[in-house]
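Observations on the model geometry
Here is how the chains run, residue by residue.
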Amino acid sequence: MTIPPGAHHTLSVLVENKAGVLARVASLFARRGYNIYSLAVAPTDDERFSRITIVIDVESAPLEQIVKQLFKLINVVKISELAPADSVERELMLVTARADGPTRGQVIELVQVFEGVIVDVGHDEITVMLSGVPTKLDDFEDLMRPYGIVQIQRTGRVALPRLDKSAPRLRAVGGKAG
Amino acid sequence: MQLTGAQALIRSLEMEGVEVMFGLPGGAILPVYDPIIDSPIRHILVRHEQGAGHMAEGYAHATGRPGVAIVTSGPAATNIVTPLCDAYMDSIPMVVITGQVPSTAIGTDAFQECDTVGITRSVTKHNELVMNAQDLPRIVREAFHIATTGRPGPVLVDVPKDVAQATMDWYWPESVDLPGYRPTTKGHPRMIKEAARLILASRRPVIYAGGGILKARAAEALRELAELTDIHVVTTLMARGAFPDDHRLCLGMPGMHGSYTAVTAMQEADLLIALGSRFDDRVTGKVDAFAPDAKVIHVDIDPAEQGKVRKPDVPIVGDCRLVIEELVREIRALLDGGTEQADTSAWRSRVSGWRENYPLTYEPSREGDALKPQFVLEQLRDNTPSDTILVSGVGQHQMWSSQYWRFNEPYTWVNSGGLGTMGFSVPAAIGAKVGRPDRMVWAVDGDGCFQMTAQELVTASTERIPVKVAILNNAYLGMVRQWQEMFYDERYSEVYLSPDLPDYVKWAEAMGCVGLRVEAPEEVLPAIEKANEIDDRPVVIDFRTDAREKVFPMVPAGRSNDDIVLPPAQREGAER
């Protein structure tokens, strides 16, 4: 499920905080035949707006078209593409893994190495919360798999531009609404 | 002042200058129908909600003002989905009001409930479910603003019954506040300069005029540009009339059934000046092989059209009229500054050679043969006022209408281009006649199309809307028959309709119209003259036409425009 480097694009979409806006955004992707890889949405500090972080697994050419189509939605206020090198990306994962008998210590050790937090403990399973860059979560998932993953829930990634003033920051894409 | 939501809604429509709306009442929209009695807005009671939608479209096509339709919830809302999609594809400004079950019942699968905003989301420019009566004036104001500005399109407002019944404090918003909606109207000056330079340097330029010219009211500006630069103009199906057919620079329609000259001039061009056109597949044919040597200047108000199909060399986002006017100014300035336009004389002589060798043509019927549909259109064209509004359905008759008519004025051609909606013409003609009662309105319909929405002639009769309908009755779903003949070894699967069923004359009479039947060439003119004289009710003429007639030229679907198929008479020795 990992996206090969360079093939994914992260869009940060500022939308009006109104009923049905997420459905508009999601159905636009469905209508145009593009797949959403990851989606996270929540209100911003300004109650009028929400921010949607969308990760799409497409070439640059369709991306430009997606952005333009997205911008035609009346409730979409601003779209920025966040280049991976110029942004901070984080994701949260909850994972329940087998941890019984002799493996329990090994699993807990792994959690510590990855700076995860054990949030629930059962007789032969533990649930771990882990946050970080998406690749860190992927790595943890891979290392846990031999012990047995019972269930897993990831939030999808959220992202903001890096603050380094010398680096190119927000690369605004798209034009005005038509 | 306290009003009910329903009163506020009708009042808002009045504030927007709505003079007519097309609709049909029902349970959920009942409260809104009550204040209509006291409103100066004319309401036209349709027989089917699809009719209301197409009438609103026809009205918008003919007048440039937004069409308004009002229907109830559930099946009424689903019935108007086709016109919404049609208006979306053809960028028609339209506002549709739908009733909805009370907000407390939403989500319960209540009687006549459907998720109207969900269903119409992808076929409207915008839609809104009103949850509070106090929001109604603002939402209506926004709806009209969105429908008519930028790239026009349909907007739907869904009004729950209890919202229409609730009270609110009347206000009219001074302005609209839509932070995410700021259409660009003025073209980028640097791009306009670049475009002007390219135009003057081009040796084989063609102006590719699309429906956006008409939406932007840019017909005059287009003419100025063409005449200033002496560049030929092709007018797409949506742009027929945007440039006069009788103008020496007009090449007519390009595309699948375009004229040989229009199609070939685009293929051979070194510059396409695309104005409000969207590179539809019916125009380009196989995209990779379309106009291979041409640089492209693309003017469109919708940024998403830039590069969607063909990457432009000079993209200009903006209103067609404003951009063309700027372009004309820039070209004049360059010419005044001593820049010379490249020599296009060789190109112009090639174009006139194609025109001479490959005019639109058909073989006239010999004595005793069936009537040719093209002949009927020529007779109609030559025996109606020059400002007649022609409305067509979808199929062979639509292509012949576009080919054989002479559109010398803008807004005289009404048709369903993008969606290709059969059954469009009868209701759209009614809408056009309501918007332009001073004009003669003829609908040219196929027998297949006519059977889809003919019931709206009852609306026309009862509302005294004297439209005229010419059915080109070849007893077939003609365009499907043509494809089966050419591409399916003449295996005619499910396309035969019977010329006698229904009896169109009796059907017309039953609907309150005058019905006429024409079977021979010599009967054509008298029937048209008779129809032209009748002005107190609709007229339907059943023209019995030759079923074997095909639309030529034709570029087979998915093929290159270089593979254009000429009519049989022109095929021998045909070469560029």
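Residues numbered from 1 in each chain as written. Chains lettered and ligands numbered in written order. Predicted model: local features only at pLDDT ≥ 70, side-chain atom pairs only at ≥ 80, totals over all residues. Heavy atoms only, no water.

Notes on a negative patch on the surface
Defined as follows: Residues forming no salt bridge and having over 30% relative accessible area are the ones grouped into patches, like charges within 9 Å of each other and nonpolar side chains (Val, Leu, Ile, Met, Phe, Trp, Tyr) within 5 Å. Computed with a 1.4 Å probe, the accessible areas rest on the Shrake-Rupley method; for each residue, only the protein chains presented here act as cover. Note on definitions: salt bridges are taken to be side-chain nitrogens of Lys or Arg within 4 Å of carboxyl oxygens of Asp or Glu. The charge count treats Lys and Arg as positive and Asp and Glu as negative. His and the chain ends do not count. Positions of charges follow a simple convention, taking NZ of Lys, CZ of Arg, CG of Asp or CD of Glu. The helix and strand labels rest on DSSP assignments: H or I over at least four residues marks a helix, E over at least two residues marks a strand, and numbering proceeds from the N terminus.
Together, Glu367(B), Glu519(B), Glu522(B) and Glu523(B) make up a region of like negative charge exposed at the surface. Following the sequence through the fold, Glu519(B) ends up in the loop between β19 (514–518) and α23 (521–533).

A short note on the packing of aromatic side chains
All names here are of chain B. We apply this condition: Stacked, tilted and edge-to-face are the three classes assigned to paired rings of Phe, Tyr and Trp, where Trp is represented by its six-membered ring and a pair needs centres within 6.5 Å; plane angles under 30 degrees give stacked, over 60 edge-to-face, the rest tilted. Relative accessibility decides the category of a residue: with a 1.4 Å probe and only protein chains considered, values under 20% of the type maximum give buried, values over 50% give exposed, and everything between is partly exposed. Over a ring means this: the NZ of a Lys or the CZ of an Arg is within 6 Å of the ring centre and within 35 degrees of the ring normal.
Taken as a whole and assessed by the stated rule, the structure comprises 16 aromatic pairs over all chains. With a centroid separation of 6.4 Å and 55° between ring planes, the pair formed by Tyr476 and Tyr492 is classed as tilted. Placement of Tyr476 in the loop between β18 (468–473) and α21 (478–487) and of Tyr492 in the loop between α21 and α22 (504–510) is noted, with a sequence separation of 16 residues between them. Residue classification places Tyr476 among the buried positions, given a relative accessible area of 17%. Judged by its relative accessible area of 31%, Tyr492 is partly exposed. Taken together through their ring pairs, the aromatic side chains of Tyr208, Phe279 and Phe290 make up a single cluster. Note that Arg481 overlies the ring of Tyr492, its terminal NZ or CZ placed 4.4 Å from the centroid.

Topic: the interface of chain B and chain A
The condition that has to hold: By the convention used here, residues are in contact when the closest approach between their heavy atoms is within 4.5 Å. The buried area of a pairing is the accessible area, by a 1.4 Å probe, that goes missing from both parts when the two are put together, added over both.
Each side of the interface is counted separately: chain B has 22 residues, and chain A has 21 residues. Together chain B and chain A conceal approximately 1900 Å² of surface at their shared face, both sides included; 53% is due to carbon and sulfur atoms. If you look at where chain B meets chain A, you find one salt bridge. Lys72(A) is the partner of Asp302(B) in a salt bridge, and the nearest nitrogen-oxygen pair spans 2.5 Å.

Overview of the packing of helix α3 (residues 103–113) of chain A against helix α4 (residues 134–144) of chain A
Residue and element names in this part refer to chain A. Operational definition: Whenever a helix is involved, its axis is fitted only over the stretch in contact; in every case the axis is a line through C-alpha atoms, and angles between N-to-C directions fall within 0 to 180 degrees. Under this scheme an angle from 65 to 115 degrees is roughly perpendicular, one under 35 degrees roughly parallel, and one over 145 degrees roughly antiparallel; angles in between are oblique.
Where α3 contacts α4, the two axes come as close as 11 Å, and the packing angle between them is 170°. Looking at the two axes, α3 sits roughly antiparallel to α4. Only Phe140, Leu143 and Met144 of α4 make contact with α3, whose side of the interface consists of Val107, Leu110 and Val111.

Re the sheet that holds strand β10 (residues 232–235) of chain B
Residue and element names in this part refer to chain B. Just so we agree on the cut-off: Between any two strands, at least two bridges found by DSSP are needed for them to pair.
Pairing is parallel in the open sheet, where six strands are placed in the order β11-β10-β9-β12-β13-β14. The open sheet has two edge strands with one neighbour each: β11 (250–252) and β14 (314–317). Averaged over all pairs of adjacent strands, the angle between strand axes in this sheet comes to 20°, irrespective of strand direction. The pairing of strand β9 (residues 205–209) with β10 spans four bridges and is classified as parallel. Across the sheet, Tyr208 pairs through a bridge with Val234, a residue of β10. Contacts from helix α9 (residues 189–201) reach β12 (271–275), β13 (295–300) and β14 within the one sheet, and its direction differs from that of β14 by about 135°. Sheet strands touched by helix α15 (residues 345–357): β9, β10 and β11. Its angle to β10, the strand with the most contacts, is close to 45°.

Things to note about the confidence of the model for chain A
Here is the rule we go by: pLDDT gives the predictor's per-residue confidence on a scale running from 0 to 100.
Here chain A shows a mean pLDDT of 87. Residues at 70 or above account for 88%. In the predicted structure, residues 174–178 of chain A sits below a pLDDT of 50 and forms 20 contacts with residues beyond four places in sequence or in another chain.

Examining the pattern of salt bridges
Counted by the stated rule, this structure contains 48 salt bridges over all chains. Arg278(B) serves as the salt-bridge partner of Asp280(B), at 3.1 Å between the closest nitrogen and oxygen. Arg278(B) gets classed as partly exposed once you look at its relative accessible area, which sits at 24%. Here Lys372(B) makes a salt bridge to Glu549(B), at a shortest N to O gap of 2.6 Å. Of the two residues, Lys372(B) is situated in the loop between α15 and α16 (373–382) and Glu549(B) in the loop between β20 (539–544) and α24 (568–571); the sequence distance between them amounts to 177 residues. Of the residues examined, Lys372(B) reaches a relative accessible area of 10% and is grouped as buried. A residue is classified by how much of its surface remains accessible, and Glu549(B), at 11% relative accessible area, is buried. Several salt bridges converge on common partners, so that one network encompasses Glu91(A), Asp138(A), Glu141(A), Asp142(A), Arg145(A) and Arg154(A).

Points about α21(B)
All names here are of chain B. Listed in full, the buried residues belonging to α21 are Gly478, Met479, Arg481, Gln482 and Gln484. Looking at the packing, one finds that the buried side of α21 touches α17 (396–404). Asp489 sits one or two positions beyond α21 and adopts a positive phi of about 55°.

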